[in-house]
Amino acid sequence: EVVLDSSKVKSPFGVAFDTAGNAYVAEYLGGRIHMLNANGKFSIFSGNGKKGFAGDGMDASKAVYNGIHNVVRTKNGDLYLSDTRNNLIRKIDGKTNIVSTIAGIPGKKGFAGDGGPAKKAHLADPISISLSPDEKTILIADIHNKRIRGIDLKTGIIKTLAGNGKKGKPKAGEKATEQPLADPRASVMDAKGNLYVLERGGNALRAVHPDGRIFTLAGSG
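Residues numbered from 1 in each chain as written. Predicted model: local features only at pLDDT ≥ 70, side-chain atom pairs only at ≥ 80, totals over all residues. Heavy atoms only, no water.

Undergrad: Explain the sheet that holds strand E8 (residues 99-103) to me, please; I cannot follow it from the model alone.
TA: With antiparallel pairing, the four strands of this open sheet are ordered in space as E5-E6-E7-E8. Single-partner strands in this sheet number two, and they are strand E5 (68-73) and E8. Within this sheet the neighbouring strands show an average axis-to-axis angle of 25 degrees, counted without direction. Of the pairings in the sheet, the one linking E5 to strand E6 (residues 79-83) comprises four bridges and is antiparallel in character. Across the sheet, residue Ile-68 finds its bridge partner in E6, namely Asp-83. (Pairing = 2+ DSSP bridges. Helix = DSSP H or I, 4+ residues; strand = E, 2+ residues; numbered from the N terminus. Axes fitted to C-alpha atoms, helices over the stretch in contact; angles between N-to-C directions.)

Undergrad: Honestly, the pattern of salt bridges in this entry has me stumped. Any pointers?
TA: By the definition in use, this model includes 11 salt bridges. Between Asp-125 and Lys-109 there is a salt bridge, with the nearest N and O atoms lying 3.4 Å from each other. On the criterion of sequence distance, the pair formed by Asp-125 in the loop between E8 and strand E9 (126-131) and Lys-109 in the loop between E8 and E9 is long-range, its members being 16 residues apart. For Asp-125, a relative accessible area of 5% corresponds to the buried category. When the shortest N-O distance is used, the salt bridge between Asp-142 and Arg-149 registers 2.9 Å. Assigned by exposure class, Asp-142 and Arg-149 land together as buried. (Salt bridge = Lys/Arg side-chain N within 4 Å of Asp/Glu carboxyl O. Buried < 20%, exposed > 50% of the residue type's maximum accessible area, 1.4 Å probe, protein only.)

Undergrad: Please clarify how the side chain of Asp-78 should be interpreted in this entry.
TA: Here Asp-78 is to be found in the loop between E5 and E6. Here Asp-78 falls in the buried class, since its relative accessible area comes to 9%. A polar contact is formed between the side chain of Asp-78 and the backbone nitrogen of Gly-94, at a distance of 2.7 Å. Those residues in contact with Asp-78, other than ones at most four positions away along the chain, are Val-72, Arg-73, Lys-91, Ile-92, Asp-93 and Gly-94. (Polar contact = N/O pair within 3.5 Å; in protein donor to acceptor, adjacent residues only side chain to side chain. Contact = heavy atoms within 4.5 Å.)

Undergrad: Explanation requested: unusual backbone geometry in the structure shown.
TA: Negative phi is the rule for most residues except glycine; trans is the rule for most peptide bonds. The phi torsion at Asp-125 lies on the positive side, around 55 degrees, for a residue other than glycine. The phi dihedral of Asn-203 falls on the positive side, at around 50 degrees, and the residue is not glycine. By the element assignment, Asn-203 lies in the loop between strand E14 (195-199) and strand E15 (204-208). Asn-203 gets classed as partly exposed once you look at its relative accessible area, which sits at 47%.

Undergrad: Please clarify how the sheet that holds E15 should be interpreted in this entry.
TA: Working definition: the strands of a sheet are paired by backbone hydrogen bonds and lie parallel or antiparallel to each other. Pairing is antiparallel in the open sheet, where four strands are placed in the order E13-E14-E15-E16. Bordering the open sheet on either side are strand E13 (184-189) and strand E16 (214-218), each of which pairs with just one other strand. Recorded for the sheet is a direction-independent mean angle of 25 degrees between the axes of neighbouring strands. Where E15 meets E16, four bridges bridge the pair, whose relative direction is antiparallel. Bridged to Val-208 within E16 is Ile-214.

Dropping the structure here:
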């Protein structure tokens with residue numbers, strides 16, 4: 001059992017694991033990503049603890065973030081994170097340890113860019129991200145845009161998968177991109193292509209079928 005000194009972390013929020021059993025812990029307020037290895041050694045993997053935006057094109061140790069909510073890791077070692085208050089999705093390359101922005105524009109908060117390069121898109125507090133099982137798509141809970149958006153990691157194109165930007169309860173069986181969402185905080189996709197959307201404020205769990213139709217699985221709203 002590993003017991004961490006709580007003074008070493010500040011508001012840990014998200015965690016991801018690699019195949020060797022190492023854990024990558026993202027701090028929401030602390031501005032760093034820590035690594036806890038399988039032997040219990042705790043070290044800073046990325047970030048300098050400051051609040052802001054910096055570090056693209058540089059080693060992960062020099063990165064500056066603003067409100068990291070969570071991290072996901074691919075099998076090849078790439079680490080993606082939701083730099084929420086910067087309205088960005090960023091990447092730490094598993095081979096070079098270089099940081100880059102894959103979605104969003106620093107200083108720009110809003111909604112724009114669907115159908116085009118994610119690097120030119122606008123996001124609004126992307127709170128949670130996940131990987132599709134085939135690792136071809138990054139799923140983004142773009143909470144203040146009230147949408148779930150997806151980035152094709154091969155083409156870099158971003159699009160909306162659920163939500164029309166309005167707040168409300170979606171009608172069952174309708175096209176997900178034409179229906180409102182109340183509070184899309186997290187999403188995950190299964191191997192069959194079903195997209196699950198958790199709405200905390202909406203008190204419900206939604207599911208978008210592979211044909212694009214949305215349903216409520218749990219919760220009355």
